[in-house]
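Okay, here's what each chain looks like letter by letter:
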Amino acid sequence: MSEGHWIVNTVLNGHNLSFNMDTLITMWSVMLVLILVAFISTRKLSIVPNKFQAFCETIMKFLWGLTDMMVKKEGRKHVPLVASLFLFIVSANLMGQLPLRLIHLQHGEIASPTNDLNLTAAMAIIVLVYYVTAGIMKKKGKFFLHGFDFISIILALVEILEMFTRPLTLALRLFGNILAGEILVGTILGMCAYGAPLPAMFFEVLVAFVQALVFTMLTLVYISSATGEEH
Amino acid sequence: MAITELGQMGAGLAIGLASCGVGLGIGIATKGLMESIARQPEISGTASGLFLLGAALAEACAIYAFIIALKLAGFIG
């Protein structure tokens, strides 16, 4: 991390654009892996599943169970977004534990793509747009304002404030955890390179799953609070 | 004292003070988990999942302080 990102600046139609190339490379690799796994796992489906199909069905069953637990009614239609987010974040976080730093770039290094605030912020904004859209489709105008009494207006103002704080905390939490983990492993690596970083790396594997679960569960909480009957 | 040295002192203070609060918070959450499992051992699975979620939410506060500390010490941005 200390080397920063490999940033490429270009000018398009008079706008200055900068791309974090290492994040782009790792993000597209993760998406490629996910698409390949999804493609392979849906070929030759059978009633009696083989081991790989059983594994994928277990993952989907876990995500359906999570959605059923958090969103009470019509929760299953939110599964595509939630499952994609979970699988993407898990793969992206675990990718940071692979020894990809051996591949040298011009600047920076190949690490997990979620150590870039731009990626996590983009995912948080997707979640914001999704839950606001779901709430408006479910409740129309009542999503913003229940009535015109004093408490409803105060609640509406708090709701608007939450539209800013929720994506902010979602993005910063994931980004900070992954970045802190990488700096922790790097610091221990500097003290003793042989064997000492191993416990920290096992902890990072746990953190990868927990942070993906937290992101997914908070997404579900926001969707259920937006589409539920009362706040 | 130069500005950068003050910034590094602030970074240390930020992460230290944040760790105080987060440590207390996760400790209290663990106490609650222990008590609930001791009272009702059959809910240990559900309770552990919810505990992990709450602990991660509490830990995130320390992570915010960590990002601020990194900024103060001049590592990022």
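Since the structure is predicted, the reported quantities are computational estimates derived from the model, not experimental observations.

Visitor: Help me get a handle on the overall build of chain B, residues and values and all.
Guide: Counting secondary structure elements, chain B contains two helices and zero strands. The globule rule puts the C-alpha radius of gyration for 77 residues at 11 Å, and the 17 Å found for chain B is more than 25% above it.

Visitor: Outline the overall build of chain A, listing residues and values.
Guide: Secondary structure summary: chain A contains six helices and two strands in total. Counting from the amino terminus, chain A carries its helices and strands in the arrangement β-β-α-α-α-α-α-α. For chain A, the spread of C-alpha atoms along the principal axes amounts to about 65 × 55 × 40 Å. Burial status across chain A gives 29% buried among its 231 residues.

Visitor: Could you give an account of the environment of Ala208 of chain A, with specific residues and numbers?
Guide: Residue and element names in this part refer to chain A. Position of Ala208 among the secondary structure elements: in helix H6 (residues 197–227). A sequence separation of 112 residues divides Ala208 from Gly96, and the C-alpha atoms of the two residues are 9.4 Å apart. If we ignore the near neighbours within four places in the chain, the residues touching Ala208 are Val90, Asn93 and Leu94.

Visitor: Lay out helix H1 (residues 21–41) of chain A with the relevant residues and their values.
Guide: Residue and element names in this part refer to chain A. A rise of 1.5 Å per residue sets the reference length of H1, with its 21 residues, at 30 Å; its end C-alpha atoms lie 30 Å apart and thus fit the reference within 8%. When H1 is considered as a whole, its buried residues turn out to be Asp22, Thr23, Thr26, Met27 and Val30. End-on, the buried residues of H1 take up no more than an arc of 125°, which puts them together on one face. Turned more than 90 degrees off the buried face of H1, the exposed positions are Trp28, Leu32, Ile35, Leu36, Phe39 and Ile40. Residues of H1 that are buried make contact with strand E2 (15–20), helix H3 (79–95) and helix H4 (117–139).

Visitor: Summarise the nonpolar core; cite the residues concerned and give the values.
Guide: Ile89 of chain A together with Phe66 of chain B are the most contacted members of the largest nonpolar core, which totals 48 residues. Looking at this core, the elements that each hand over two or more residues are H1, helix H2 (51–70), H3, H4, helix H5 (150–191) and H6 of chain A together with helix H1 (3–39) and helix H2 (44–73) of chain B. It is H6 of chain A that contributes the most residues to this core, ten residues altogether. Sequence-distant contacts of Phe66 of chain B, defined by excluding residues within four places in its chain, comprise Gly176 and Ala180 of chain A together with Ile15 of chain B.

Visitor: Provide a residue-level description of the interface of chain A and chain B, including the pertinent values.
Guide: If you look at the interface, chain A gives eleven residues, while chain B gives ten residues. When residues of the side of chain A that touches chain B are assigned to their parent elements, the largest contribution, six residues, is made by H5 of chain A. Split by residue class, the side of chain A that touches chain B holds five nonpolar, five polar and one charged.

Visitor: With reference to specific residues and values, describe the packing of H5 of chain A against H2 of chain B.
Guide: For the pair H5 of chain A and H2 of chain B, interaxial distance at closest approach is 9 Å and the crossing angle is 75°. Here H5 of chain A lies roughly perpendicular to H2 of chain B, going by the angle between them. For the pair formed by H5 of chain A and H2 of chain B, the contact residues are Thr169, Leu172, Arg173, Gly176, Asn177 and Ala180 of chain A on the first element and Ala60, Ile63, Tyr64, Phe66 and Ile67 of chain B on the second. Looking at the contact of H5 of chain A with H2 of chain B residue by residue, the class counts come to seven nonpolar, three polar and one charged.

Visitor: Which residues make up the confidence of the model for chain A, and what values do they have?
Guide: Averaged over every residue, the pLDDT of chain A is 85; residues scoring 70 or more account for 97%. The secondary structure element of chain A with the lowest average pLDDT is strand E1 (residues 7–12) of chain A, at 80, and the one with the highest is H3 of chain A, at 92.

Visitor: Account for the environment of Ile67 of chain B, with residues named and values stated.
Guide: Position of Ile67 of chain B relative to the elements: it lies in helix H2. Residues Ile67 of chain B and Ala11 of chain B lie 56 residues apart in sequence; the distance between their C-alpha atoms is 9.4 Å. Those residues within four positions of Ile67 of chain B in sequence are excluded, and the remaining contacts are Leu172 and Gly176 of chain A.

Visitor: Go over H5 of chain A, please, and point to the residues and values.
Guide: For H5 of chain A, spanning 42 residues, the distance from its first C-alpha to its last is 59 Å, which sits close to the expected 62 Å at 1.5 Å a residue. Largest kink in H5 of chain A: about 30°, centred on Glu162 of chain A. Residues of H5 of chain A that are buried sit in contact with H3, H4 and H6 of chain A together with H2 of chain B.

Visitor: Describe the packing of H5 of chain A against H6 of chain A, with residues and values.
Guide: Residue and element names in this part refer to chain A. Put simply, H5 and H6 touch, their axes get as near as 10 Å, and they point 175° apart. Judged by the angle between their axes, H5 and H6 are roughly antiparallel. Facing H5, whose interface residues are Arg166, Leu170, Leu174, Asn177, Gly181, Leu184, Val185, Ile188 and Leu189, H6 presents Pro197, Ala200, Met201, Glu204, Val207, Gln211, Phe215, Leu218 and Tyr222. Considered class by class, the residues forming the contact of H5 with H6 number 13 nonpolar, three polar and two charged.

Visitor: Any chance you could break down the pairing of E1 of chain A for me, citing the residues and the numbers?
Guide: All names here are of chain A. Of all six residues that make up E1, zero are buried, and the element is exposed over most of its length. Sheet analysis places E1 next to E2, joined by six bridges and oriented antiparallel. Among the inter-strand pairings, Ile7 is bridged to a residue of E2, identified as Asn20.

Thresholds applied
Residues numbered from 1 in each chain as written. Chains lettered and ligands numbered in written order. Predicted model: local features only at pLDDT ≥ 70, side-chain atom pairs only at ≥ 80, totals over all residues. Helix = DSSP H or I, 4+ residues; strand = E, 2+ residues; numbered from the N terminus. Rg over C-alpha atoms; globule rule 2.2 N^0.38 Å. Buried ≥ 20, exposed ≤ 12 C-beta atoms within 10 Å, placed from the backbone. Contact = placed C-beta atoms within 7 Å. Expected span 1.5 Å × (residues − 1). Arc of directions from axis to C-beta. Core = buried A, V, L, I, M, F, W, Y, C linked by C-beta atoms within 7 Å. Nonpolar A, V, L, I, M, F, W, Y, C, P; charged D, E, K, R; others polar. Axes fitted to C-alpha atoms, helices over the stretch in contact; angles between N-to-C directions. Parallel < 35°, antiparallel > 145°, perpendicular 65-115°, else oblique. pLDDT = per-residue confidence, 0-100. Bend = angle between axes of the 7 residues up to and from the residue. Pairing = 2+ DSSP bridges.

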